[in-house]
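Breakdown of the fold
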Amino acid sequence: MSSDKKKVLLIGGTRFSGLYLWKELFQRGHEVVLFNRGKTAAKRLPRESEEDFNKRVANTRVIKGNRQDAEDLKAKLSGESFDVIYDMNGREATDTAPLADIFNGKVEHFVYMSSAGVYKKSLIMPHVEGDAEDVKSRHKGKLETEAYLKQIGIPYTAIRPTYIYGPLNYNPLEEYFFARVTENRPVVIPGHGQHLTGLGHVEDLAIAMAQIIGRDVAKGKVYNIQDEQSVTFEGLAKLCGQAAGISPSDVKVKLYNKNNFDFGEKKAFPLREQHFFCSISEAIKDLDWKPKYNLLDGLKDSYENDFKLKKASGKLSVDFSTDDIVLNG
């Protein structure tokens, strides 16, 4: 593996996983250039000093543009050169194709943020790279993007995380559980509560993605990313209580059959009601990587450095209306 410092283009970089990856790449000495709309201010991450944050911002060039406007993308980037590109927010092949076309034949490595949501529901778990994929899933755009990158021959790697969690998560995943256990409310869970799901800490994800640089073995491959272990829905509720300083025995759980209730357009639960977890053995082997967070420590980080601060500042907004439908049913 080459340890050379690279010039890296990061598409996005201002929200959650992109923020953590920007910090990780910068700390490793790479020259990072962001491409985004310039509408979201950079945020200081947990355990990052004000001095280090200001240094990171001051030493990062930002190219403002709209990735969904192919002409704007071409105008802003066709004259640039990069060693590595990270596409963090492409959802459809039409989002990523113009970017890949500009740099095909000119870039050492193109890293695409895909999703483990592309896998077809299976009776055999965990999901491994090469498992059957669901062409009708809501993540089919990710799958089509992977196929396009392979088709055009650009040296690419696709990362397939399960559920990403950690401080600054804009998806109210762990927040769903924290909000209920800290108010002594039952955690309302669909089904039998024993579905196993995989979560991965955002910092571990950033490290895994940064580890791709200089590794030819990763070219043309996809990698699953999550914590080393998985957890049941009921277990996740208990762990969130523990992370918040509440005894697991004091965490109340209410199970229900979702077919018996009408929640309208509201999303009643943040996780898919099925087993959904992956093997990460390929990433461990090829990327010289291993998650540093176990689930409890990761949830403590999210609670202490995000949820608790948000709640104390009055910025937390939680809707318990779907819970109440179940509890009052």
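What comes next concerns the included structure. Model, not experiment: these values are computed from the prediction.

Basis of the calculations
- Every chain is numbered independently, its residues counted from 1 as its sequence is written.
- Local features in this predicted model are restricted to residues of pLDDT 70 or higher, and side-chain atom pairs are both shown and tallied only at a pLDDT of 80 or more, whereas totals for entire chains, interfaces and linings draw on every residue.
- Side-chain metrics in this entry use all non-hydrogen atoms of the structure; hydrogen atoms and water are not considered.
- For helices the rule is a DSSP run of H or I covering at least 4 residues; for strands it is a run of E covering at least 2, with both sets numbered from the N terminus onward.
- Relative accessible area decides the class of each residue, using a 1.4 Å probe on protein chains only: under 20% of the type maximum gives buried, over 50% gives exposed, and in between gives partly exposed.
- Between any two strands, pairing holds if DSSP finds at least two bridges.
- A right-handed crossover is one whose linking path, passing over the helix from the first strand to the second, runs clockwise when the strands point away from the viewer.
- Expected span of a helix, by definition, is 1.5 Å for each gap between consecutive residues, and there is one gap fewer than residues.
- Across the chain, bend at a residue is computed as the angle between axes fitted to the seven residues ending at that point and the seven starting from it.
- Counting of polar contacts relies on pairs of N or O atoms within 3.5 Å, with two restrictions inside protein: one atom must be capable of donating a hydrogen and the other of accepting it, and residues adjacent in sequence are counted only when both atoms are side-chain atoms.
- What counts as an axis is a line fitted to C-alpha atoms, over the stretch in contact for a helix, and the angles between N-to-C directions run from 0 to 180 degrees.
- Contacts are assigned to residue pairs with any non-hydrogen atoms lying within 4.5 Å of each other.
- What makes a salt bridge here is a side-chain nitrogen of Lys or Arg within 4 Å of a carboxyl oxygen of Asp or Glu, nothing more.

1. Some points on unusual backbone geometry
Look at the link from Met125 to Pro126: it is a cis peptide, with omega at 5°. By the secondary structure assignment, Pro126 is in the loop between β5 (109-113) and α5 (140-152). At Asn184, a residue that is not glycine, the phi angle is positive and equals roughly 55°. Note that Asn184 resides in the loop between α6 (174-181) and β8 (187-190). The exposed category is assigned to Asn184, whose relative accessible area is 52%. Positive phi, close to 50°, is recorded for Asp288, a residue that is not glycine. Residue placement: Asp288 occurs in the loop between α9 (281-287) and α10 (295-312).

2. As for the pairing of strand β1 (residues 7-11)
A large share of β1 lies buried, amounting to 4 of its 5 residues. As paired elements, β1 and strand β2 (residues 31-36) share 5 bridges and run parallel to each other. Its bridge partner lying in β2, Lys7 is registered against Glu31. The β-α-β motif built from β1, the intervening helix α1 (residues 17-27) and the parallel element β2 has right-handed crossover chirality.

3. Re α10
In a regular helix each residue adds 1.5 Å, so 18 residues correspond to 26 Å; α10 covers 24 Å between its end C-alpha atoms and thus fits that length. The sharpest bend along α10 measures roughly 40° and falls at Tyr303. Those residues of α10 lying buried are Leu295, Leu296, Gly298, Leu299, Asp301, Ser302, Tyr303, Asp306 and Phe307. The N-terminus of α10 is capped by Asn294, whose side-chain oxygen sits 3.2 Å from the backbone nitrogen of Leu296. A positive phi of about 80° marks Gly314, the residue just after α10.

4. Focus: the sheet that holds strand β4 (residues 84-87)
Within the open sheet, the 7 strands sit side by side as β3-β2-β1-β4-β5-β6-β11. Their pairing is parallel. Lying at the two open borders of the sheet, with one neighbouring strand each, are β3 (61-64) and β11 (221-225). Across the sheet, the mean angle from the axis of one strand to that of its neighbour is 20°, orientation sign disregarded. For strand β6 (residues 156-161) and β11, the ladder comprises 5 bridges, and the chain directions are parallel. If you follow Arg160 over to β11, its bridge partner there is Asn224. Its contacts with the sheet place α5 against β5, β6 and β11, and it is angled at close to 170° to β5.

5. A word on the pattern of salt bridges
Scanning the model with the defined rule gives 24 salt bridges in all. Note that Lys6 and Glu108 form a salt bridge whose closest N and O atoms lie 2.9 Å from each other. Linking Lys6 in the segment before β1 with Glu108 in the loop between α4 (93-103) and β5, this pair joins segments that are 102 residues apart in sequence. For Lys6, a relative accessible area of 9% translates into the label buried. A salt bridge links Arg28 to Glu24, with the nearest nitrogen and oxygen atoms 2.8 Å apart. The partly exposed category is assigned to Arg28, whose relative accessible area is 24%. Note on Glu24: relative accessible area 14%, which makes it buried. Sharing partners across several salt bridges, the network here consists of Arg47, Glu203, Lys292 and Asp301.

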